[in-house]
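# A structural walkthrough
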Amino acid sequence: MFGLFKNNKEEEIKIGKENNPMFCYQCEQTPEGGCTKFGVCGKNPDIASLQDIIIFGLKGVAAYATHARELGMVDPKVDAIAHEALYTTLTNSNFNLNEHISMAMKVGQATVKVMDLLDRAHTSRLGVPQPVKVSQDKVEGHAILVTGHNLYALEELLKQTEGKGINVYTHSEMLPAHGYPELKKYSHLKGNVGKAWYDQRKLFEEFPGAILGTTNCLMPIKGSYSDRFWTYGTCGLEGTEKIVNDDFTAIIEKALSLPKANIKSDKVLTTGFHHNTVLSIAPEIIDAVKSGKIKRFFVIAGCDAPTKGRDYYRELADTLPKECIILTTSCGKFRFNDIDFGTVPGTEIPRYIDLGQCNNSGSAVKIAIALAEAFDCTVNDLPLTIVLSWFEQKAVAILLGLFSLGVKNIYIGPSAPAFVTPGVLKVLQDTFNLQLISGDAKTDLQKML
């Protein structure tokens, strides 16, 4: 599959010197300014790029594995792949391009395993999510806003705030929490406030309560809200306090000390789907495909960011024919989740299906695999288009996970990752038909359809 690169050193050097830039500074031999054209050790730019991809992917694996471990679930195979992959990137350990590509696929396998592990950890503790409409931007009473991804931390906070006259709200990737039965049962889990992670400085400054940051997607504080902000677990900010031993007393007391809020809003968002929820109506979906009522499935998912070009994803979603279904995860959905997509004409099947956080990307894969089995074809033969937006390293892990499953024809944007050399990108394009979005959603849509 990956025989596009030669294994002999002469060919590797040619690829590295002629085509690709690099930067490496990990050993004592590093010249001033780093190795920027070719490594003193013999590493070429494509090897360096693949090692970056492996390490970035492992960061995503580590995030999901940490959450799963917190909920009492581990997978020794995931740990073994992480250790082996990191060892491969050690100085003077491996100079073979094909073996690096194979190792990147192993990291993808670890991503698939760890996302499944975390999903089982969440559903065994919190129940299988159910579709729900969530209040948006309405804030009442004493309030705490929770941002990040950590559902365990949210559950602990809900337990300790129950009956204390505090309303708890979600932000960004915590929106899907509202679909879990064991979280939804807390009547003081009220709604969602704000959109994707990067609105936080303005949002948190204006939010009239205390704030809890549970995972990555934080920004250093610029403003006056540090005395109302607590961090949890691996995340931290200068000038803020930390939750220790799951004791939320300090943030609870702060919320109670602040004036009650009364911010009105009649907006709502829909969330709470899960692959089990969707597959429960699989017969209706299959019939709709066979009868032509459903023409195509689009996975429009990934990270959001304030960079240019991301309105593309809203335009794409909004211009899809009504015979198309959108499956989404992660905070990129905030580009278009305020649109009422309704149902597929002639059916009760929703056109917009929010499967949850970035770690729920496995749900989209499981739905695709189930449909492929039903139609006796491969996932790549389905009327399915995957369009991803990326920002940080967990997106790298998810992309590697899709590649490890053999998924092809993925579109990614809004720009190519700087850590992927032209040589490595060519391998991905030739092997998986990975494509960059053009920036013109309507033009791309014609090709996708």
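Keep in mind that this is a model prediction, so the values were computed, not measured.

## Focus on the overall build of the chain
Scanning the chain from terminus to terminus reveals 15 helices and 15 strands. The principal-axis extents of the C-alpha atoms in the chain amount to approximately 70 × 60 × 40 Å. Put simply, the chain has 449 residues, and 56% of those count as buried. Intrachain contacts of the chain at a sequence separation of at least 6 include 73% that bridge at least 24 residues. When the accessible surface of the chain is split by element, carbon and sulfur atoms take 53% of a total near 19,300 Å².

## Concerning the pattern of salt bridges
One pass over the full model with this rule turns up 19 salt bridges. Close ionic contact of D79 with R69 constitutes a salt bridge, the shortest N to O distance being 3.5 Å. In this pair, D79 is assigned in helix α3 (residues 76–88) and R69 in helix α2 (residues 45–70), connecting sequence segments ten residues apart. Under the relative-accessibility criterion, D79 is labelled partly exposed at 25%. Of the charged contacts in the structure, one is a salt bridge between K106 and E84, with a shortest N-O distance of 3.1 Å. Here E84 lies in helix α3 and K106 lies in helix α4 (residues 97–126), a separation of 22 residues in the sequence. Taking relative accessible area as the criterion, K106 reaches 30% and is therefore assigned partly exposed.

## Let's talk about the environment of I398
Along the polypeptide, I398 turns up in helix α13 (residues 393–404). With a relative accessible area of 12%, I398 lands in the buried category. C-alpha separation for the pair I398 and G108, spaced 290 residues apart in sequence, amounts to 7.1 Å. Setting aside residues up to four positions removed in sequence, I398 forms contacts with Y64, T111, M115, C358 and S361.

## Some thoughts on the domain arrangement of the chain
Structurally, the chain comprises domain 1 (45–126), domain 2 (132–263) and domain 3 (272–448). For domain 1 and domain 3, the distance between their C-alpha centroids amounts to 23 Å. Contacts between domain 1 and domain 3 engage 27 residues on the former and 26 residues on the latter. Buried area between domain 1 and domain 3, both sides added, is near 2,000 Å², and the carbon and sulfur share of it is 71%. Between the two partners, domain 1 and domain 3, sit one salt bridge.

## Quick word on the UniProt feature "binding site: [4Fe-4S] cluster" (unreviewed entry) in the chain
Taking the numbering used here, the UniProt-annotated feature "binding site: [4Fe-4S] cluster" (unreviewed entry) corresponds to C24, C27, C35 and C41. These annotated residues cover 18 residues of sequence, but their C-alpha atoms sit close together, with the largest distance between any two at 10.3 Å. Checked against the lining of the second largest cavity, the annotated residues just named reduce to C24, C27, C35 and C41. In this view, C24 contacts T30, G34, C35 and K43; residues no more than four positions away in its chain are not counted. Position of C35 among the secondary structure elements: in the loop between α1 (9–19) and α2.

## Things to note about the packing of α4 against α13
Taken N-terminus to C-terminus, the directions of α4 and α13 make an angle of 100°; their axes are 7 Å apart at the nearest point. Between α4 and α13, the angle is such that the two are roughly perpendicular. Residue-level contacts link A104, M105, V107, G108, Q109, T111, V112 and M115 of α4 to A397, I398, L400, G401, F403 and S404 of α13. Split by residue class, the contact of α4 with α13 holds nine nonpolar, five polar and no charged.

## Notes on the side chain of T421
Within the secondary structure layout, T421 lies in the loop between β14 (410–413) and α14 (422–432). Within the structure, the side chain of T421 is placed 2.5 Å from the side chain of D46, a separation counted as a polar contact.

## Considerations on α3
Under the 1.5 Å per step criterion, the end-to-end length of α3 is 18 Å for 13 residues, consistent within 8% with the ideal 18 Å. Listing the buried residues of α3 in full gives V78, I81, A82, A85 and T88. Along the axis of α3, the buried residues cluster in a sector spanning 130°; they form a single face. Turned more than 90 degrees off the buried face of α3, the exposed positions are P76, H83 and Y87. In this structure, the buried residues of α3 make contact with α2 and α4. For α3, the N-terminal cap is D75; the gap from its side-chain oxygen to the backbone nitrogen of K77 is 2.9 Å.

## Some points on empty space enclosed by the protein
Per the stated rule, a full pass over the model turns up eight cavities of 30 Å³ or more. In this structure, the largest cavity occupies an estimated 250 Å³ of space. Lining the largest cavity are 24 residues, with I53, L399, F403, V420 and L428 positioned closest to its centre. Listing elements by their share of the lining of the largest cavity, those giving two or more residues are α2, α4, α13 and α14. By residue class, the composition of the lining of the largest cavity is 24 nonpolar, no polar and no charged. Two domains each provide a minimum of three residues to the lining of the largest cavity, namely domain 1 (45–126) and domain 3 (272–448). One number sums up the size of the second largest cavity: a volume of about 70 Å³. Lining the second largest cavity are C24, Q26, C27, T30, C35, G39, V40, C41, K43, T91 and N92.

Parameters at a glance
Residues numbered from 1 in each chain as written. Predicted model: local features only at pLDDT ≥ 70, side-chain atom pairs only at ≥ 80, totals over all residues. Heavy atoms only, no water. Helix = DSSP H or I, 4+ residues; strand = E, 2+ residues; numbered from the N terminus. Buried < 20%, exposed > 50% of the residue type's maximum accessible area, 1.4 Å probe, protein only. Contact = heavy atoms within 4.5 Å. Areas by Shrake-Rupley, 256 points an atom, 1.4 Å probe, with all protein chains shown as cover. Salt bridge = Lys/Arg side-chain N within 4 Å of Asp/Glu carboxyl O. Domains from an automatic or database assignment. Buried area = accessible area lost by both parts, 1.4 Å probe. UniProt positions renumbered as here; feature names shortened; annotations may be inferred. 1 Å grid on protein atoms, 1.4 Å probe; cavity = no way out; pocket = protein on both sides within 12 Å on 5 of 7 lines; lining within 4 Å. Axes fitted to C-alpha atoms, helices over the stretch in contact; angles between N-to-C directions. Parallel < 35°, antiparallel > 145°, perpendicular 65-115°, else oblique. Nonpolar A, V, L, I, M, F, W, Y, C, P; charged D, E, K, R; others polar. Polar contact = N/O pair within 3.5 Å; in protein donor to acceptor, adjacent residues only side chain to side chain. Expected span 1.5 Å × (residues − 1). Arc of directions from axis to C-beta. Points joined across faces, edges and corners; volume = space filled by probe spheres on them.

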